[in-house]
Amino acid sequence: MIKVAIVGGTGYTGVELLRLLALHPHARVEVITSRSEEGVRVADMYPNLREHYPILTFSVPEVETLTACDVVFFATPHGVAHSLADEILQAGTRVIDLSADFRLEDSEEWTQWYGQPHGAPHLLSEAVYGLPEVNRDVIKDARLVAVPGCYPTAVQLALLPLVEQGLADPKQIIASCASGVSGAGRGTKLGSLFCEAGENMVAYGVNGHRHLPEIKQGLRRVAGKSVNLTFVPHLVPMIRGIHATTYATVTDHSVDLQALYEQYYRDEPFVDILPAGVFPQTRSVKGANMCRIAVQRPQNGDVVVVMAAIDNLVKGASGQAVQNMNIMFGLEENSGLQTVALIP
Ligand SMILES: NC(=O)C1=CN([C@@H]2O[C@H](COP(=O)(O)OP(=O)(O)OC[C@H]3O[C@@H](n4cnc5c(N)ncnc54)[C@H](OP(=O)(O)O)[C@@H]3O)[C@@H](O)[C@H]2O)C=CC1
Ligand SMILES: CC(=O)N[C@@H](CCC(=O)OP(=O)(O)O)C(=O)O
């Protein structure tokens, strides 16, 4: 059994890790941290988990308690993994970070977007970007994995085949995305209140969202050159879900894009290319570690529209984190991830 510690267990991605790992055949959560709920049993805070974690209790442990585990997940705000990752890695325990601390390869760019100094720039060269569809071979041997953000997961999976094959004009790619409110985390925020977000749709970060450099970095790595991306996120009245609609100008009209996408993702357990004319719905991935994608070139014109839907807390965070753990520990990639989406 892989011994797991979760730092930040009371947040939405933390409890989603608990849900997925509860049924994982080869991993057991031994330590779960929280400063605000120290001493409270998981079973008392999250009644859906009662029978799975009857005695596990939130704690504020010494770092030695974390390093007694095989892997530590960080489900914390930016900056927390910076301060602890080095010591944990030095003790021989692996780190899977759900925050953005190790996603950008350039520490100065990170500082510019996250508004604080990078706390562990010396670890960036070994951090592996945990998008298995691109980096599976490197993830296998990684000690430190940076799990992609939710929007970056959806947008990159939507665009990878086009960009890698040089079929999208890099001068102008657009991603218009919508997120459920759980994307903002569990902390009290005015914009997450029911009366604010419950019946409303609003764009934000239009002048520059911190996921923009992450998506551009990922696309640049597969394209071998920079892409000019316009990224506009929206908050919509859902609890979970990301829907990405991406637009690109096609450079070669002779390519059968449906066939390209089916071929590109044919061996991917967690990417589903929908049949032509069927479009992804967020409810078709709710609770599941799955990205459903549709590709369409309206009226056979110059523009291709690629749509992707994920659950921000699963393929957009905790499910992808468990997928990374499975790869790092040589397990079946779908261990503990065979959940079926909830409709309605
Ligand atoms: N929500 C989402 O859809 C996604 C989130 N992410 C990223 O995952 C991370 C967690 O997100 P989410 O679960 O939504 O966040 P939440 O705000 O819901 O939870 C944050 C957790 O971190 C703990 N925490 C806060 N500050 C510290 C600290 N200084 N030291 C230790 N623990 C701390 C909190 O517990 P306590 O205060 O009790 O210690 C809480 O358990 C973030 O970096 C987020 O950006 C990534 C993809 C998707
Ligand atoms: C709705 C909402 O507020 N979403 C968050 C993104 C959540 C996420 O995936 O981001 P990180 O892991 O990079 O923090 C936002 O726009 O900042």
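The structure presented is a predicted model; accordingly, all values stated were derived computationally and were not measured.

*Asks:* Give me the domain arrangement of the protein: which residues, what numbers.
*Replies:* By the assigned domains, the protein splits into domain 1 (2-126) and domain 2 (151-312). Spacing between the C-alpha centres of domain 1 and domain 2 amounts to 27 Å. Every contact between the two is made by 14 residues of domain 1 and, on the other side, 15 residues of domain 2. For the pairing of domain 1 and domain 2, the buried interface totals around 1,300 Å² over both sides, and the portion due to carbon and sulfur atoms is 49%. Looking at the side of domain 1 facing domain 2, the largest losses of area belong to Y12, R103 and W113, adding up to 45% of the total buried there. Linking domain 1 to domain 2 there are four salt bridges. Residue R221 pairs with E105 through a salt bridge whose shortest N-O separation is 2.6 Å. Across the domain 1-domain 2 interface, the total number found is nine residue pairs in polar contact (both at pLDDT 80 or more). Here the residues of the side of domain 1 that touches domain 2 sort into six nonpolar, three polar and five charged.

*Asks:* Talk me through the UniProt feature "domain: Semialdehyde dehydrogenase NAD-binding" (unreviewed entry) in the protein; I want residue IDs and the actual numbers.
*Replies:* When the UniProt feature table is mapped to this numbering, "domain: Semialdehyde dehydrogenase NAD-binding" (unreviewed entry) covers residues 3-142. Annotated as 34% helix and 17% strand, the span residues 3-142 places its first and last C-alpha atoms 17 Å apart.

*Asks:* An account of the environment of M307 is requested, with residue identities and associated values reported.
*Replies:* Within the element layout of this structure, M307 appears in strand β14 (residues 303-310). C-alpha of M307 to C-alpha of P344: the two residues are 37 residues apart in sequence and 21 Å apart in space. Apart from residues no more than four positions distant in its own chain, M307 is found in contact with H243, A244, T245, F279, P280, R292, I293 and A294.

*Asks:* An account of the site of ligand 2 is requested, with residue identities and associated values reported.
*Replies:* Taken together, 14 residues sit near ligand 2, with R103, C150, Y204, R210 and H211 positioned nearest. At 2.7 Å, a side-chain N or O of R103 approaches an oxygen atom of ligand 2. C150 is positioned with one of its backbone polar atoms (N or O) 3.1 Å from an oxygen atom of ligand 2. Coverage of ligand 2 by the protein chains reaches 83% of its 430 Å² of free accessible surface. Here the shell around ligand 2 is built from residues that sort into six nonpolar, six polar and two charged. In terms of domain composition, the shell around ligand 2 takes at least three residues from each of domain 1 (2-126) and domain 2 (151-312).

*Asks:* I'd like to hear about the nonpolar core, residue by residue, with values.
*Replies:* Counting residues in each nonpolar core, the largest one holds 41 residues, and the members touching the most others are L162, Y261 and I293. Counting residues per element, this core draws most heavily on helix α7 (residues 150-164), which supplies ten residues. Here L162 is in contact with L167, A168, A248, L257, Y261, V304 and V306, once residues within four sequence places are set aside. In terms of nonpolar packing, the next biggest core, distinct from the first, is built from 37 residues, I32, V42, L49 and M325 among them.

*Asks:* I'd love a proper account of the sheet that holds β14, names of residues and values included.
*Replies:* Either a parallel or an antiparallel arrangement is found when strands of a sheet pair, and the pairing is made through backbone hydrogen bonds. Overall, mixed pairing links the seven strands, which are arranged β9-β10-β8-β11-β14-β13-β12 in an open sheet. The sheet is open, and its two edges are formed by β9 (202-203) and β12 (271-273), each paired on a single side. In this structure, strand β8 (residues 168-179) lies alongside strand β10 (residues 229-235), joined through seven bridges in parallel fashion. If you follow I174 over to β10, its bridge partner there is T230.

*Asks:* Just give me the short version of helix α11 (residues 314-328), but keep the residues and values in it.
*Replies:* For α11, spanning 15 residues, the distance from its first C-alpha to its last is only 18 Å, which falls clearly below the expected 21 Å at 1.5 Å a residue. Of all the bends in α11, the largest measures some 45° and sits at Q320. In the stretch just after α11, G330 is the one whose phi turns positive, near 70°.

*Asks:* Pulling in residues and values, what's your account of the environment of L193?
*Replies:* Its location among the elements puts L193 in the loop between β8 and α8 (194-197). L193 gets classed as partly exposed once you look at its relative accessible area, which sits at 42%. Note: C-alpha distance between L193 and V95 (98 residues apart in sequence) is 33 Å.

About the cut-offs
- Residues numbered from 1 in each chain as written.
- Chains lettered and ligands numbered in written order.
- Predicted model: local features only at pLDDT ≥ 70, side-chain atom pairs only at ≥ 80, totals over all residues.
- Heavy atoms only, no water.
- Domains from an automatic or database assignment.
- Contact = heavy atoms within 4.5 Å.
- Buried area = accessible area lost by both parts, 1.4 Å probe.
- Salt bridge = Lys/Arg side-chain N within 4 Å of Asp/Glu carboxyl O.
- Polar contact = N/O pair within 3.5 Å; in protein donor to acceptor, adjacent residues only side chain to side chain.
- Nonpolar A, V, L, I, M, F, W, Y, C, P; charged D, E, K, R; others polar.
- UniProt positions renumbered as here; feature names shortened; annotations may be inferred.
- Helix = DSSP H or I, 4+ residues; strand = E, 2+ residues; numbered from the N terminus.
- Near = heavy atom within 4 Å.
- Areas by Shrake-Rupley, 256 points an atom, 1.4 Å probe, with all protein chains shown as cover.
- Core = buried A, V, L, I, M, F, W, Y, C linked by side-chain atoms within 4.5 Å.
- Buried < 20%, exposed > 50% of the residue type's maximum accessible area, 1.4 Å probe, protein only.
- Pairing = 2+ DSSP bridges.
- Expected span 1.5 Å × (residues − 1).
- Bend = angle between axes of the 7 residues up to and from the residue.

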